[in-house]
Structures are given as C-alpha cells and as structure tokens.
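# A closer look at the structure
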Amino acid sequence: MDTQAFELLERTFRQDGAEAAFEMLLRWARAETHCGVLFGARIMQSRYRLGLPLIETEPVLDLTAGQRLTYETAFREAAREAGELLLAGGDIAGAWPYFKAIGEHAPVSAAIESVSSLDSVNGGDKLDRVIEIAFQEGVNPRKGFELILEHHGICRAITWFAANRDYDSRQKSLRLLVRTLYGQLASAMKETIASAEGAAPETNSLAELMAGRAWLFEGNSSYTDSTHLTSVLRFTPELEDPETLRMALEMAEYGRCLAPMFHFRGDPPFADPYLDHAVYLKALLGEDVDRAIAHFRAKATPSAEFPGDTAPAEVLIELLVRLERYAEAIQASVECLPDASGASLNCPSVLQLCQMAGDYAGLRSLARQREDLLGFMAGVIQG
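Summarised in this report is the structure supplied together with it. (Residues numbered from 1 in each chain as written. Predicted model: local features only at pLDDT ≥ 70, side-chain atom pairs only at ≥ 80, totals over all residues. Heavy atoms only, no water.)

### Concerning the side chain of Ser169
Relative to the helices and strands, Ser169 resides in helix H10 (residues 167-197). Side chain to side chain, Ser169 and Asn164 meet in a polar contact 3.0 Å long. Once residues within four sequence positions are removed from consideration, Ser169 is found in contact with Pro141 and Asn164. (Helix = DSSP H or I, 4+ residues; strand = E, 2+ residues; numbered from the N terminus. Polar contact = N/O pair within 3.5 Å; in protein donor to acceptor, adjacent residues only side chain to side chain. Contact = heavy atoms within 4.5 Å.)

### Comments concerning the side chain of His277
Looking at the element boundaries, His277 is found in helix H14 (residues 273-284). The class of His277 is buried, set by a relative accessible area of 3%. At 3.0 Å, the side chain of His277 and the backbone oxygen of Leu233 are in polar contact. In this structure the side chain of His277 is engaged in a polar contact, spanning 2.6 Å, whose partner is the backbone oxygen of Pro273. Here His277 is in contact with Leu233, Arg234, Thr236, Pro237, Phe270 and Asp272, once residues within four sequence places are set aside. (Buried < 20%, exposed > 50% of the residue type's maximum accessible area, 1.4 Å probe, protein only.)

### Topic: the packing of helix H12 (residues 226-235) against helix H13 (residues 242-257)
With their axes 11 Å apart at the nearest point, H12 and H13 run at an angle of 140° to one another. Viewed along their axes, H12 and H13 adopt a mutual orientation that is oblique. The two elements H12 and H13 cross, and the hand of that crossing is left-handed. Residues Leu229, Val232 and Leu233 of H12 pack against Ala248, Met251, Ala252, Tyr254 and Gly255 of H13. Residues that form the contact of H12 with H13 fall into these classes: seven nonpolar, one polar and no charged. (Axes fitted to C-alpha atoms, helices over the stretch in contact; angles between N-to-C directions. Parallel < 35°, antiparallel > 145°, perpendicular 65-115°, else oblique. Left-handed = near helix turned anticlockwise from the far one by under 90°. Nonpolar A, V, L, I, M, F, W, Y, C, P; charged D, E, K, R; others polar.)

### A word on helix H8 (residues 141-152)
The end-to-end C-alpha separation of H8 is 16 Å, in line with the 16 Å expected for twelve residues at 1.5 Å each. Restricting attention to buried positions, one finds in H8 the residues Pro141, Lys143, Gly144, Phe145, Leu147, Ile148 and Leu149. Where H8 ends, the next residue or the one after it, Gly153, has phi of about 90°, a positive value. (Expected span 1.5 Å × (residues − 1).)

### Topic: the pattern of salt bridges
For side chains bearing opposite charge, pairing can occur when the charged atoms are close. The final tally for this structure, using the stated rule, is 26 salt bridges. Arg49 is paired through a salt bridge with Glu19; the nearest N and O atoms lie 2.9 Å apart. Taken as a pair, Arg49 in helix H3 (residues 35-49) and Glu19 in helix H2 (residues 18-31) lie far apart in primary sequence, 30 residues in all. You can call Glu19 partly exposed: its relative accessible area is 29%. With a closest N to O distance of 3.2 Å, Asp241 and Arg179 form a salt bridge. One end of the pair, Asp241, is in the loop between H12 and H13; the other, Arg179, is in helix H10, and 62 residues separate them in sequence. Connected via shared salt-bridge partners are Arg30, Arg42, Glu77 and Glu81. (Salt bridge = Lys/Arg side-chain N within 4 Å of Asp/Glu carboxyl O.)

Honestly, that's just the spatial picture; any functional story needs more than this.
In structure tokens form, the structure reads like this:
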C-alpha cells in the first residue's frame, strides 16, 4: 500500500468508524491477494467486536462460551477464505497452513489432484513442497506418490515409500510402484521384440512377452535397473491386491531369467530375491501353497551364519497368517520364537495368533507359561 492508502484508511476510520475501515482493508487484501493481511484483518475485526485488544499479546482466556464460539468461528472463516484465495491463485503450499490450522484437508487434496509433474517447469521447489504436503503430511498420499514417480523416478520413490508407515497409503503407493516398474519393463521388452520380430506384440503382460522368447535374455540383456527390481520386490509380500500380486510375481519370474551378474544376494529368508519372492507371491495367489510353506519353514531355524536372526521365522509366520493357517502359525511361533517378545516382532505374537485362531484354551495355557496375566485373562473370559 502506498502512503495515500494509509491516509485513506485513517480517514475512513475517522469519518465512518472502525467497521468501515476494516471493510476497506479487507477489499484491498482480496484485490491484491494479500492473504496474510486478509486473515489478520478478519481476526482483528472479530477481536474488535468482542472488545479484545486488537493485537494479541497472550492467549484468549477470559471469554464466555458464546464469545469463544464467535472467536473460533471467525478464525475458521478467516483461515478458509485466505486458503481459498491462495488455492484460486494456484498456491497450494501457501494455502496449506491455513487449511491445516482448521483441520480441513479436502480443498487442498482436491487441488493437488490436478497437479502435474509438468508444473516442475514453473518451479521444481514448489512442486517438491506440494509432494511433501501430499505424501509426507498425508493430504493426498496416492497423488503425492504418483508425482514422486513422475518427477523424481523409481529410485527416489523407493526411498520415500520405505519411510511411509501408514497402512492405507502404503498399500496404494506399493500398487503404484509395482505397476509403474512393471509397465517400464513391458515397454522396454516390447521395443526389443519389435526390433527382432518386426512388430511389437499387442500384449502388455510380462509373462506373455517372455513366453517362448529365451533369446530376450541372451548376452546379459536386461530391461530395467536390477537394483530397482530387487528393491521393489522386497516390499511385495505386503501386497493384498491379487492383480498387482500377479504383476509382482511376473517381475520375480523375469528376474529369475536374468544372467547371473544381475542376481544379488538378499537378506534371509529372501537370500535369492527372485526365487524366494516368486515362491512367496505364488502362495499368496493360492498357488503351490504347501511348497511355499515347506520352503520357508526350512529357512526358519536360525543359521550358524545368522544365529540371532528371527526374520526367517517371522516371514514364515506372516505367510501362514496371510494363508489363514493359524494353527500352523502358532506351532511355528512356539518352535522358532520361544523367547521372543511380541513388541520386538514383525509378525503377530503367539498370543495374538491364538486370538486370531479363536484358540482360547491355547491362549490360557501359553499365557500362563509366559506369566502373562492379561493374556490369561483374555483366554479365560473369551473361552
């Protein structure tokens, strides 16, 4: 505002009163898209109407219930108006603090939905902040992860995914991660086939593209970064969507066809990432289930190389839980993890397994052995 604006504001107040001056200031803030002034003026107007000091110096404590409701309503309306004004101008990062303050995520989520990775042309820093709001702050995790993949690629997306602990968004992100890598693999493979056969196959199925084409893997040929492949496969046992599970299985089978130089040693029980994940994923799809259980049961006993590693037993138990074979899971837990604390496990504890199985007699017995009064009580009451 120039000097005349300050003079006009004071003259308006002296001629027409405070309300007129507030309205003038609000009109200027809206016209200039000055959301800080807009928000502040509306809050100050509310304080004026409540007879409070216009500049806050301490929390508002001495208000009646009615006054507090009025003040809180004014705060919400002011934040909403400022946020909407910023969203209208495309400033998602600027709008978010206002909507966050009043717990309204939907307008920002809707705005993020229309964002494209092409927006990075106009400011990569701004897009990165939008990605943080969408994914890390949980406003629109699916779209945020989509933007990570588009703007930063698979490698960065894997790193961001690994840090995400929210179940729902993790499932959505994992589906997107698998499908993106699967699509890249299929596209690269189709290009090679088109060069060799004169036309690209119509199918986008990895299994169909590989069928009868062992020559695709001659001469150490590969169709994506193998470190990306093994990193993504590491997360695929979490998948629950059958269609994406099938894609993950086909990626594991693709990995098994690669030359030895692309076979990296993984962590037990997925020491052979391609073979072991293929066995596990098949079982989740209801195929060769008994073979998978035997495969991972053989790995569940701590080895001389990794004497204190409980991960193989935990993977076996988690597989049995996913297959709803609770009695076998209880037996595996008792045999392989006799001294393990539930809090330290990445699979259900033996008492949780008894609860899942509805085995309340077993729950009582095991809880008594482990001197767990709460578990014993649960078994007594439910049994």
